[in-house]
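Per-entry structural report
What follows is the residue order along each chain.
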Amino acid sequence: MTEKLAKQTLIILCMLMLTACSALKSQTDTQKSMALFTKAQQAYQVGLLEEAEADFIKITKLTPEFYEAWLRLGNIYVRTGQLKAAERMFEKSARINPKEYKAWNNLAVTYIKQAIAVLKEGKEHMAPGSEEGMHAEEMATRLINAITQP
(Lines give C-alpha, C1' and ligand atoms only; values in the text may rest on other atoms or scores of the structure.)
Protein backbone atom coordinates (compact mmCIF):
# COMPACT_ATOMS: atom_id res chain seq x y z
CA MET A 1 0.00 0.00 0.00
CA THR A 2 2.79 2.43 0.89
CA GLU A 3 4.68 1.60 -2.30
CA LYS A 4 1.54 2.27 -4.37
CA LEU A 5 1.05 5.63 -2.61
CA ALA A 6 4.70 6.51 -3.22
CA LYS A 7 4.34 5.73 -6.97
CA GLN A 8 1.16 7.82 -7.21
CA THR A 9 2.85 10.69 -5.41
CA LEU A 10 5.85 10.44 -7.73
CA ILE A 11 3.57 10.47 -10.79
CA ILE A 12 1.72 13.53 -9.48
CA LEU A 13 5.01 15.34 -8.78
CA CYS A 14 6.27 14.55 -12.28
CA MET A 15 3.06 15.88 -13.79
CA LEU A 16 3.34 19.07 -11.74
CA MET A 17 6.94 19.55 -12.84
CA LEU A 18 6.01 19.07 -16.49
CA THR A 19 3.18 21.58 -16.12
CA ALA A 20 5.53 24.07 -14.48
CA CYS A 21 8.12 23.60 -17.23
CA SER A 22 5.46 24.11 -19.87
CA ALA A 23 4.23 27.29 -18.18
CA LEU A 24 7.81 28.57 -17.91
CA LYS A 25 8.42 27.91 -21.62
CA SER A 26 5.17 29.68 -22.46
CA GLN A 27 6.17 32.68 -20.36
CA THR A 28 9.63 32.74 -21.98
CA ASP A 29 8.07 32.57 -25.48
CA THR A 30 5.75 35.44 -24.57
CA GLN A 31 8.68 37.52 -23.36
CA LYS A 32 10.62 36.76 -26.55
CA SER A 33 7.56 37.65 -28.61
CA MET A 34 7.14 40.99 -26.85
CA ALA A 35 10.81 41.89 -27.44
CA LEU A 36 10.54 40.83 -31.08
CA PHE A 37 7.31 42.79 -31.46
CA THR A 38 9.01 46.02 -30.37
CA LYS A 39 11.82 45.40 -32.87
CA ALA A 40 9.40 44.42 -35.66
CA GLN A 41 7.17 47.43 -35.01
CA GLN A 42 10.15 49.79 -35.26
CA ALA A 43 11.21 48.20 -38.56
CA TYR A 44 7.62 48.44 -39.85
CA GLN A 45 7.33 52.12 -38.93
CA VAL A 46 10.46 53.07 -40.88
CA GLY A 47 9.48 50.98 -43.90
CA LEU A 48 11.82 48.00 -43.43
CA LEU A 49 9.02 45.64 -44.36
CA GLU A 50 11.10 42.52 -45.08
CA GLU A 51 12.77 42.74 -41.67
CA ALA A 52 9.45 43.44 -39.95
CA GLU A 53 7.80 40.56 -41.80
CA ALA A 54 10.52 38.10 -40.71
CA ASP A 55 10.15 39.17 -37.07
CA PHE A 56 6.34 39.04 -37.12
CA ILE A 57 6.52 35.53 -38.59
CA LYS A 58 8.85 34.49 -35.76
CA ILE A 59 6.36 35.91 -33.27
CA THR A 60 3.47 33.93 -34.75
CA LYS A 61 5.54 30.75 -34.42
CA LEU A 62 6.50 31.49 -30.81
CA THR A 63 3.08 32.76 -29.78
CA PRO A 64 0.41 31.66 -32.30
CA GLU A 65 -2.37 33.62 -30.55
CA PHE A 66 -0.51 36.97 -30.78
CA TYR A 67 -3.25 38.96 -32.53
CA GLU A 68 -1.20 42.07 -33.33
CA ALA A 69 1.52 40.07 -35.09
CA TRP A 70 -1.00 38.53 -37.50
CA LEU A 71 -2.61 41.94 -38.04
CA ARG A 72 0.74 43.58 -38.82
CA LEU A 73 1.63 40.78 -41.25
CA GLY A 74 -1.63 41.47 -43.05
CA ASN A 75 -0.77 45.16 -43.25
CA ILE A 76 2.67 44.35 -44.68
CA TYR A 77 1.12 42.09 -47.30
CA VAL A 78 -1.40 44.76 -48.33
CA ARG A 79 1.41 47.31 -48.64
CA THR A 80 3.42 44.91 -50.82
CA GLY A 81 0.46 43.91 -53.00
CA GLN A 82 0.17 40.35 -51.64
CA LEU A 83 -3.57 40.51 -51.16
CA LYS A 84 -4.24 36.76 -50.82
CA ALA A 85 -1.63 36.54 -48.05
CA ALA A 86 -3.09 39.66 -46.40
CA GLU A 87 -6.54 38.07 -46.51
CA ARG A 88 -5.24 34.98 -44.66
CA MET A 89 -3.51 37.08 -42.00
CA PHE A 90 -6.58 39.23 -41.34
CA GLU A 91 -8.80 36.14 -41.20
CA LYS A 92 -6.43 34.59 -38.65
CA SER A 93 -6.36 37.74 -36.52
CA ALA A 94 -10.17 37.97 -36.67
CA ARG A 95 -10.45 34.36 -35.46
CA ILE A 96 -8.04 35.06 -32.59
CA ASN A 97 -9.82 38.21 -31.46
CA PRO A 98 -13.25 38.43 -33.15
CA LYS A 99 -14.30 41.48 -31.12
CA GLU A 100 -11.43 43.60 -32.44
CA TYR A 101 -12.61 45.91 -35.22
CA LYS A 102 -9.25 46.39 -36.99
CA ALA A 103 -9.03 42.84 -38.32
CA TRP A 104 -12.55 42.95 -39.78
CA ASN A 105 -12.01 46.42 -41.26
CA ASN A 106 -8.69 45.48 -42.85
CA LEU A 107 -10.16 42.24 -44.19
CA ALA A 108 -13.02 44.19 -45.80
CA VAL A 109 -10.60 46.70 -47.37
CA THR A 110 -8.52 43.78 -48.68
CA TYR A 111 -11.61 42.24 -50.30
CA ILE A 112 -12.39 45.60 -51.94
CA LYS A 113 -8.82 45.88 -53.25
CA GLN A 114 -9.12 42.36 -54.65
CA ALA A 115 -12.40 43.30 -56.34
CA ILE A 116 -10.77 46.36 -57.89
CA ALA A 117 -7.93 44.20 -59.24
CA VAL A 118 -10.45 41.73 -60.71
CA LEU A 119 -12.38 44.52 -62.43
CA LYS A 120 -9.20 46.02 -63.87
CA GLU A 121 -8.05 42.64 -65.14
CA GLY A 122 -11.47 42.00 -66.67
CA LYS A 123 -11.44 45.39 -68.40
CA GLU A 124 -8.16 44.48 -70.11
CA HIS A 125 -9.96 41.61 -71.86
CA MET A 126 -12.79 43.78 -73.16
CA ALA A 127 -12.84 45.76 -76.36
CA PRO A 128 -11.47 49.30 -75.95
CA GLY A 129 -14.29 51.78 -75.43
CA SER A 130 -16.87 49.00 -74.99
CA GLU A 131 -19.85 49.46 -72.70
CA GLU A 132 -18.69 46.52 -70.59
CA GLY A 133 -15.20 47.98 -70.22
CA MET A 134 -16.61 51.35 -69.20
CA HIS A 135 -18.89 49.64 -66.67
CA ALA A 136 -15.92 47.75 -65.17
CA GLU A 137 -13.96 51.00 -64.93
CA GLU A 138 -16.91 52.80 -63.32
CA MET A 139 -17.38 50.03 -60.77
CA ALA A 140 -13.64 50.04 -59.92
CA THR A 141 -13.78 53.82 -59.44
CA ARG A 142 -16.76 53.48 -57.08
CA LEU A 143 -14.90 50.90 -55.02
CA ILE A 144 -11.78 53.07 -54.88
CA ASN A 145 -13.92 55.98 -53.70
CA ALA A 146 -15.55 53.78 -51.08
CA ILE A 147 -12.23 53.04 -49.39
CA THR A 148 -10.58 56.43 -49.83
CA GLN A 149 -13.35 58.79 -48.76
CA PRO A 150 -14.37 59.14 -45.11
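Below, the structure is looked at part by part. (Residues numbered from 1 in each chain as written. Predicted model: local features only at pLDDT ≥ 70, side-chain atom pairs only at ≥ 80, totals over all residues. Heavy atoms only, no water.)

Some remarks on the environment of Q82
Following the sequence through the fold, Q82 ends up in the loop between α3 (67-79) and α4 (83-96). Overall, Q82 belongs to the partly exposed group, its relative accessible area being 36%. On a C-alpha basis, the gap between Q82 and T110 in space is 9.8 Å, while along the polypeptide they are 28 residues apart. Within the structure, the side chain of Q82 is placed 2.7 Å from the side chain of T80, a separation counted as a polar contact. (Helix = DSSP H or I, 4+ residues; strand = E, 2+ residues; numbered from the N terminus. Buried < 20%, exposed > 50% of the residue type's maximum accessible area, 1.4 Å probe, protein only. Polar contact = N/O pair within 3.5 Å; in protein donor to acceptor, adjacent residues only side chain to side chain.)

As for the packing of α4 against helix α5 (residues 101-124)
One way to put it is that α4 packs onto α5 with a least axis distance of 9 Å and a crossing angle of 155 degrees. With respect to each other, α4 and α5 are oriented roughly antiparallel. The hand of the α4/α5 crossing is left-handed. Within the contact between the two elements, α4 uses L83, K84, A86, E87, F90, E91, S93 and A94 and α5 uses A103, W104, N106, L107, T110, Y111, K113 and Q114. Looking at the contact of α4 with α5 residue by residue, the class counts come to eight nonpolar, four polar and four charged. (Axes fitted to C-alpha atoms, helices over the stretch in contact; angles between N-to-C directions. Parallel < 35°, antiparallel > 145°, perpendicular 65-115°, else oblique. Left-handed = near helix turned anticlockwise from the far one by under 90°. Contact = heavy atoms within 4.5 Å. Nonpolar A, V, L, I, M, F, W, Y, C, P; charged D, E, K, R; others polar.)

Some details on the pattern of salt bridges
Inspection of the entire model under this criterion finds five salt bridges. Between K123 and E137 there is a salt bridge, with the nearest N and O atoms lying 3.5 Å from each other. Separated by 14 residues along the polypeptide, K123 in helix α5 and E137 in helix α6 (residues 131-148) bring together distant segments of the chain. Take E137: its relative accessible area is 34%, and that puts it in the partly exposed class. A salt bridge links R142 to E138; the nearest nitrogen and oxygen atoms lie 2.3 Å apart. With a gap of four residues between them, R142 and E138 both fall in helix α6, about one helical turn apart. One continuous salt-bridge network, built from bridges that share partners, spans K39, D55 and K58. (Salt bridge = Lys/Arg side-chain N within 4 Å of Asp/Glu carboxyl O.)

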